[in-house]
Every structure is written in C-alpha cells, then in structure tokens.
Amino acid sequence: MMNRRNLLKGAAAVAFGGLLSTESSAQDPSGPQEWGGWFTDAAGNKHMPVVKVTREGEESTVVIDVPHVQNAAHHISYVRVYTENRIEVASAEFNTTLSTPRATMTLRLPAGTKLFAVSDCNKHGIWYTEFQV
Ligand SMILES: [Fe+2]
C-alpha cells in the first residue's frame, strides 16, 4: 500500500512529466492531441493560434491570430507565448465583444528558439501551436 508521501511524489512526477513531455503530442496524428492540458490538432483547428514571425536583428515580431468567434457566449480570453519549459514570454488578453483575438508581440530570444503560442477558449479549453523565432 502506498503511503501519503509516496502518493504525493507519484502525483507530482505525473504532473511534472506531463508538463515537460514533448512526446505525447506525436502519439496519434489523427484528431486533437493533448499535452499537459493543452491541445493541438495536426489537421488544424479554429482554436489554434496562427503565428507569423518576422525576424530583424535580435528581435522577432510575432503576430498571433486565432480564427475563432468572439462574443460574450463563446470567445478567446487570451493568447500567450511560452518556452518549451512553459515559461511565459508574453501575453495579451481580449475583451469578449470589443476586441479581436489577434496580438503582435516583440520577442528578444535567440534565433531558432522553440516556442508555443497558446489560446484559451472559454468553452473548448487551451490550444497551442508550436513555432520558432
Ligand atoms: Fe471555442
């Protein structure tokens, strides 16, 4: 029987492993894939951020657009950019009726840095798109 301390260690390992694993998103290419509470879909999905990157010197201009409805009942609350270790780099929040889920961010990271653009739908969860600056 597992004591409380070992049970907590096991739960922490599962949660931490889920955050850092990059393999679960590649297990089955059909349909939405979950990675540590975030979802992606190789076939595309209206929740997934569409990312365009322009690099100039040490700065990258990142335009993130989510082609999703935006109204009080169903909307994108925010977009955020994270490193592969889930350190937040930048974010933008959206009003449900007075804004469009689109943001421009200027990042200062080495060329080739792997990042994740994340969008949060109030009805369908958190979705991501992997990209590089
Ligand atoms: Fe949605």
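Check the entry above for the structure.
Throughout what follows, the structure given in this document is the object of discussion. (Residues numbered from 1 in each chain as written. Predicted model: local features only at pLDDT ≥ 70, side-chain atom pairs only at ≥ 80, totals over all residues.)

1. Thoughts on the sheet that holds strand β3 (residues 50-56)
One open sheet accounts for three strands, arranged β3-β4-β7; its pairing is antiparallel. Since the sheet does not close on itself, it has two edges, and those belong to β3 and β7 (102-107), each with one partner. Taken over all neighbouring pairs, the strand axes of this sheet differ in orientation by 15° on average, direction set aside. Where β3 lies against strand β4 (residues 59-65), seven bridges are found, and the strand directions are antiparallel. Residue Glu56 lies in a different strand from β4, and its bridge partner there is Glu59. (Pairing = 2+ DSSP bridges. Helix = DSSP H or I, 4+ residues; strand = E, 2+ residues; numbered from the N terminus. Axes fitted to C-alpha atoms, helices over the stretch in contact; angles between N-to-C directions.)

2. Brief notes about the sheet that holds strand β6 (residues 88-93)
Within a sheet, adjacent strands bond to each other through the backbone by hydrogen bonds, running parallel or antiparallel. Reading across from one edge, β1-β2-β9-β8-β5-β6 is the order of the six strands in this open sheet, with mixed pairing throughout. Every other strand in the sheet has two partners, leaving β1 (33-35) and β6 as the edge strands with one partner each. Within the sheet, the average angular offset between the axes of one strand and its neighbour, ignoring direction, is 30°. Note: strand β5 (residues 76-83) against strand β8 (residues 114-121), seven bridges, orientation antiparallel. Pairing of Tyr82 across the sheet is with Phe116, part of β8.

3. Considering the nonpolar core
Core analysis: the largest hydrophobic core is formed by 17 residues, its most contacted members being Ile64, Val79, Leu115, Phe116, Ala117, Val118 and Tyr128. Where this core is concerned, the elements lending two or more residues are β4, β5, β8 and β9 (125-132). Top element by residues in this core is β8. It accounts for four residues. Once residues lying within four places of it in the same chain are set aside, the contact partners of Val118 are Trp38, Val79, Arg80, Tyr82, Ile126 and Tyr128. (Core = buried A, V, L, I, M, F, W, Y, C linked by C-beta atoms within 7 Å. Buried ≥ 20, exposed ≤ 12 C-beta atoms within 10 Å, placed from the backbone. Contact = placed C-beta atoms within 7 Å.)

So yeah, pure geometry; function would need other evidence.
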